Amino acid sequence: MDQRSGQKRAVEFLYPPIDPFDQRMIDMGDGHRIYVEQCGNPKGVPVLVLHGGPGGGCSPAMRRYFDPSIYRVILFDQRGCGRSRPHASVTNNTTWHLVRDIEVIRETLEIEKFILFGGSWGATLALIYAISHPLHVLHLVLRGVFLMTKAELDWFYGGGAGYFFPDHWARFVNHIPQAERGDLIAAYHRRLFSDNLIEETRFARIWANWENALASIHVEGPMGESPGEYARAFSRLENHYFMHAGFLEADGWILRERHRIQHLPATIVQGRYDMICPPISAWRLADDWDRCELRMIPIAGHALSEPGISEGLVRVMDGLRRDAR
C-alpha cells in the first residue's frame with residue numbers, strides 16, 4: 001500500500017459525488033418496503049452494495065467506490081433501517097428475508113449476475129447470498145470480514161476487545177447491573193426492546209458508541225453521539241440478529257458451506273488492526289480458497305472510511321473493470 005494513504009483522507013481516493021438515476025421503494029409483500037437506488041452507467045457492470053450493521057443503512061459516499069462510466073451501482077437499505085420502512089422493525093426481519101430481498105431486487109431490475117460489494121455485516125450477507133445463489137454472482141469484494149460466529153461475538157461483547165479499550169469498555173458495561181454482565185447481548189436486548197422509547201434510545205446510543213469508538217485507528221478522543229433515530233434502528237437490528245446468531249442453522253455455517261462458492265473469484269480488503277472484526281476471520285475464509293485474494297492493509301482498522309481501506313477497495317474495483325464484462 002502506498003505509504004501516503006495514512007496521510008490522506010479517505011474521500012481523496014474516491015470518485016466524485018454522483019446522484020442516482022433511479023430511486024424507488026419495492027414492496028416485499030410482508031409489511032416491508034425497501035429503498036433501492038441506482039447510479040453510474042445504466043448499461044454497466046452491475047454491482048450490489050451491501051451495507052454493514054445490520055441496520056447501518058447506505059450513504060451517498062458508498063456510491064463513490066466505483067468508476068461511474070463502467071459500473072451500474074445498486075444500493076439498498078436493508079429491512080428496518082435507512083429509508084426502508086417500517087423503521088427499526090424486527091418483525092419479518094431475518095437473514096433469510098434479506099437474501100430473498102436481494103433476489104427480488106435482482107429480478108425487478110432484470111439483472112442476471114452482479115458483483116457483491118460488502119463490508120462487516122455486508123460481507124456476511126454477501127457470503128450467505130452467494131452460498132444460496134452462486135449462479136447470480138460474478139465476484140465477491142469483501143471488507144472487514146465477519147463470519148457471524150459465537151467466537152466473534154464473544155470477542156466484541158464478551159470482553160476481548162475491551163482489553164485494548166478498557167475506557168470505552170467500561171462505558172459500555174457500567175450501564176448494566178453486575179448480575180447481567182455475563183451476557184451483555186441479552187442484557188442490552190432487554191433494554192433495546194423495552195417498549196420505552198426513551199430507554200431504548202438511551203441504550204441504543206451506548207451500544208452504537210461502543211462500536212463507533214473502535215471502528216477506526218485514526219479516531220482520537222471520544223466519538224460524538226449518534227442521532228437517536230439512527231442509533232435506535234442500528235442497535236435494535238444489530239442486537240436482534242446477534243441474539244439469534246444471524247439466523248444461521250449452526251455456528252460456523254459460512255465456513256462449512258464455503259465449498260459452494262469456491263469456484264467464484266473473491267477479493268478481501270482487511271484492516272490489520274480491525275478491532276471489531278479481527279483479521280483471523282478473513283484469514284480463515286481465504287485459506288485454501290484458490291480464487292480468493294486477501295489484501296491485508298497494514299495501518300487500518302475496521303471502518304469503510306479508513307484511508308487505506310478506501311484506497312484498497314477502489315483499487316480492487318478499478319482492477320476489475322477490464323475483466324468484469
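These numbers were taken from a predicted model, which means no experiment stands behind them.

**Q** Please explain the confidence of the model for the protein chain as it appears in this structure.
**A** The predicted structure's coordinates, where accompanied by low pLDDT, should not be read in detail. When pLDDT is averaged across the protein chain, the result is 95; 95% of the residues are at 70 or more. Note on residues 1-6: pLDDT is under 50 here. Beyond four places in sequence and across chains, it has eleven contacts.

**Q** Explain the environment of Leu-48 here, please?
**A** Relative to the helices and strands, Leu-48 resides in strand β3 (residues 45-50). Leu-48 sits in the buried class, given a relative accessible area of 1%. Taking the C-alpha atoms as reference points, Leu-48 and Val-73, separated by 25 residues in sequence, lie 6.2 Å from one another. For Leu-48, the contacting residues outside a window of four places in its chain are Ile-74, Phe-76, Ile-102, Phe-114, Ile-115, Leu-116 and Phe-117.

**Q** Even after reading the chapter, I still don't get the packing of aromatic side chains, so can you show me in this structure?
**A** Two numbers describe a pair of aromatic rings. These are the distance of the centres and the angle of the planes. Using the criterion set out here, one finds 22 aromatic pairs in the structure. Between Phe-172 and Trp-210 the ring centres are 5.7 Å apart and the planes differ by 20°, which places this aromatic pair in the stacked class. Taken as a pair, Phe-172 in helix α4 (residues 166-173) and Trp-210 in helix α6 (residues 197-214) lie far apart in primary sequence, 38 residues in all. Accessibility expressed as a relative area gives 1% for Phe-172, which makes it buried. Taken together, a centroid distance of 5.3 Å and an interplanar angle of 85° make the contact between Tyr-241 and Phe-247 edge-to-face. Take Tyr-241 and Phe-247: they sit in the same class, and that class is buried. The rings of Phe-146, Phe-156, Tyr-157, Trp-169, Phe-172, Tyr-188, Phe-203, Trp-207, Trp-210 and Phe-242 are connected pair by pair, giving a single aromatic cluster. The ring of Phe-203 carries the charged tip of Arg-191 above its face, separated from the ring centre by 5.7 Å.

Definitions and cut-offs
Residues numbered from 1 in each chain as written. Predicted model: local features only at pLDDT ≥ 70, side-chain atom pairs only at ≥ 80, totals over all residues. Heavy atoms only, no water. pLDDT = per-residue confidence, 0-100. Contact = heavy atoms within 4.5 Å. Helix = DSSP H or I, 4+ residues; strand = E, 2+ residues; numbered from the N terminus. Buried < 20%, exposed > 50% of the residue type's maximum accessible area, 1.4 Å probe, protein only. Phe/Tyr/Trp six-rings, centres within 6.5 Å; stacked < 30°, edge-to-face > 60°. Lys NZ or Arg CZ within 6 Å of the ring centre and 35° of its normal.

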